[in-house]
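Examining the three-dimensional arrangement
So the chains spell out like this:
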Amino acid sequence: MIGREALVNSSHSQSRPVLKLPRTTLDNYLEAVSILGLLAMVYLLARYWPGLPSIVPTHFGVAGLPDAWGSKTSLFANLGIGLFIYLGLTILYGFPHIYNYLYTINESNAEAQYRLARSLVSGLKASVILIFTYAEWATIQTALGQSAGLGAWFIFIAMFFSLGPLLLYLYKSYQAEHPA
């Protein structure tokens, strides 16, 4: 049964219109934020690398305090994961016709739904990159003894920045399908 459902879902995405949509101003802004976040991560590593101790925090608990330590080379993992997410979401951005949608996509709603979904991808990309950039900075500050960790509020801010774009997308998508 699962195979059949996958086939049905696959056929829906193949019958959707494939549109060549220009980037929006918002998407360009979010792209710039993402790139600046990645560049900030590279800058932080280059700037602080020589002064970092050989052992740095590698994990933080829910309270934002370090609960695992490892080699300072582990700091490259944040950058690597951030770059991987950036590249993956940048590629995904170009194929909105393959996304899953709450509403059936047809000729009349494809452009609006595709634009909203692409803005969601851009927003999530910028949010995740900013979260990783802050985590990199906080890890470095903690390793240097200038901070005690991420801060107790970090988990709530990260959830807001992760869920915010999704909730906004759901609201706007509903509005596009059910105009007042």
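Here, every reference points to the structure presented above.
Before going into details, it helps to say that this report is about the structure given with it. Because the structure is predicted, anything quoted here is derived from the model rather than measured. (Residues numbered from 1 in each chain as written. Predicted model: local features only at pLDDT ≥ 70, side-chain atom pairs only at ≥ 80, totals over all residues. Heavy atoms only, no water.)

1. Here we look at helix 3 (residues 75-93)
Along its 19 residues, helix 3 runs 28 Å from first to last C-alpha, staying within 8% of the 27 Å computed at 1.5 Å per residue. By the burial criterion, the buried members of helix 3 are Leu 75, Asn 78, Leu 79, Gly 82, Tyr 86, Leu 89 and Tyr 93. Each buried residue of helix 3 sits inside an arc of 105° when the element is viewed along its axis, so together they form one side. Projecting away from the buried face of helix 3 at angles above 90 degrees are the exposed residues Phe 84 and Ile 91. (Helix = DSSP H or I, 4+ residues; strand = E, 2+ residues; numbered from the N terminus. Expected span 1.5 Å × (residues − 1). Buried < 20%, exposed > 50% of the residue type's maximum accessible area, 1.4 Å probe, protein only. Arc of directions from axis to C-beta.)

2. Topic: the environment of Asn 100
Counting through the fold element by element, Asn 100 comes out in the loop between helix 3 and helix 4 (110-143). Residues Asn 100 and Gly 145, 45 residues apart in the sequence, show an inter-C-alpha distance of 45 Å.

3. Thoughts on a nonpolar patch on the surface
A cluster of nonpolar side chains, namely Val 62, Leu 102, Ile 155, Phe 156, Met 159, Leu 163, Leu 166, Leu 167 and Leu 170, defines an oily patch on the protein surface of about 870 Å² accessible area. Turning to its location among the elements, Leu 102 is positioned in the loop between helix 3 and helix 4. Under the relative-accessibility criterion, Leu 102 is labelled exposed at 58%. (Patch = residues over 30% accessible without salt bridge, like charges linked within 9 Å, V, L, I, M, F, W, Y side chains within 5 Å. Areas by Shrake-Rupley, 256 points an atom, 1.4 Å probe, with all protein chains shown as cover. Salt bridge = Lys/Arg side-chain N within 4 Å of Asp/Glu carboxyl O.)

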